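Per-entry structural report
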Amino acid sequence: PAVEVTDADGKHLVASFRERKIFRYNSAPVEPPSGVDPVFTRSGYLHPIWTPDGRVLSNDFPAQHLHHHGIWFAWTSAEFEGRKSDFWNSKERQGRIEAVKVEETFSGPVFGGFRARHRWLNLNSPGGPKPALEEVWRCARTRSKASSSSTSSRRRRARRTRRSGSASTTTAGSGSADRENGRER
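The rules behind each value
- Residues numbered from 1 in each chain as written.
- Predicted model: local features only at pLDDT ≥ 70, side-chain atom pairs only at ≥ 80, totals over all residues.
- Heavy atoms only, no water.
- Helix = DSSP H or I, 4+ residues; strand = E, 2+ residues; numbered from the N terminus.
- Buried < 20%, exposed > 50% of the residue type's maximum accessible area, 1.4 Å probe, protein only.
- Contact = heavy atoms within 4.5 Å.
- Areas by Shrake-Rupley, 256 points an atom, 1.4 Å probe, with all protein chains shown as cover.
- Core = buried A, V, L, I, M, F, W, Y, C linked by side-chain atoms within 4.5 Å.

A few words on the overall build of the protein chain. Within the protein chain, the regular secondary structure consists of 1 helix and 13 strands. Overall, the protein chain shows an N-to-C arrangement of helices and strands of β-β-β-β-β-β-β-β-β-α-β-β-β-β. Taken across its 185 residues, the protein chain has 37% of its residues classed as buried. Put simply, 39% of the contacts in the protein chain that link residues at least 6 apart link residues at least 24 apart. When the accessible area of the protein chain is evaluated, it comes to approximately 11,500 Å², of which 48% is carbon and sulfur surface.

Here it is as structure tokens:
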């Protein structure tokens, strides 16, 4: 498949396009660097995110923002059963988001991805951590138009200047709107 998602080691999914890595989904808890409070342990996020030439765009546990993890979602000001739940600032020990289960992975010639279940835990419940929310992520990578074999011929056609009456225009992109004598058609 052109777009492939594989289970790397039971802890991470890796998405790739034509054997080039795109992103990794961390389904198991990722421990913070040595010497950092374990409250910053996190799962259920994307990191690293790679550029087409293999450079890493995202960061995990940056020194000034240990609670930041690649691409993820959280609320800073939520309330659950009358208690404040901050799911962003881990050091507050009010909330945590964890991956529960990878429900599906899919790969193919056009797109690939995964579906995973996350649990948002309220950490300051009287009886201990209590689920506040369950969510399902569906994350997919679609093959880009630039990867199709007909793209270069479309681009060549798009660069040609067309003349119509006294106006001339150059169509950009796929030519979804053409101008003729100053009017869109």
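Past the structure itself, the notes keep going.
Now for the nonpolar core. Counting 16 residues, the largest nonpolar core has Phe23, Tyr25, Leu46 and Phe114 as its most contacted members. When contributions to this core are tallied by element, the ones reaching two or more residues are strand S1 (3-7), strand S2 (12-17), strand S3 (20-26), strand S4 (45-49), strand S8 (111-122) and strand S9 (130-142). Excluding its chain neighbours within four sequence positions, the residues that come into contact with Leu46 are Phe23, Arg24, Tyr25, Asn26, His69, Gly70, Ile71, Phe114, Trp137 and Cys139. Counting 10 residues, the second largest nonpolar core, distinct from the first, contains Phe40, Tyr45, Trp72 and Ala74.

Its location among the elements puts Ser16 in strand S2. Beyond its immediate sequence surroundings of up to four residues, Ser16 is in contact with Ala2, Val3, Glu4, Lys21 and Ile22.

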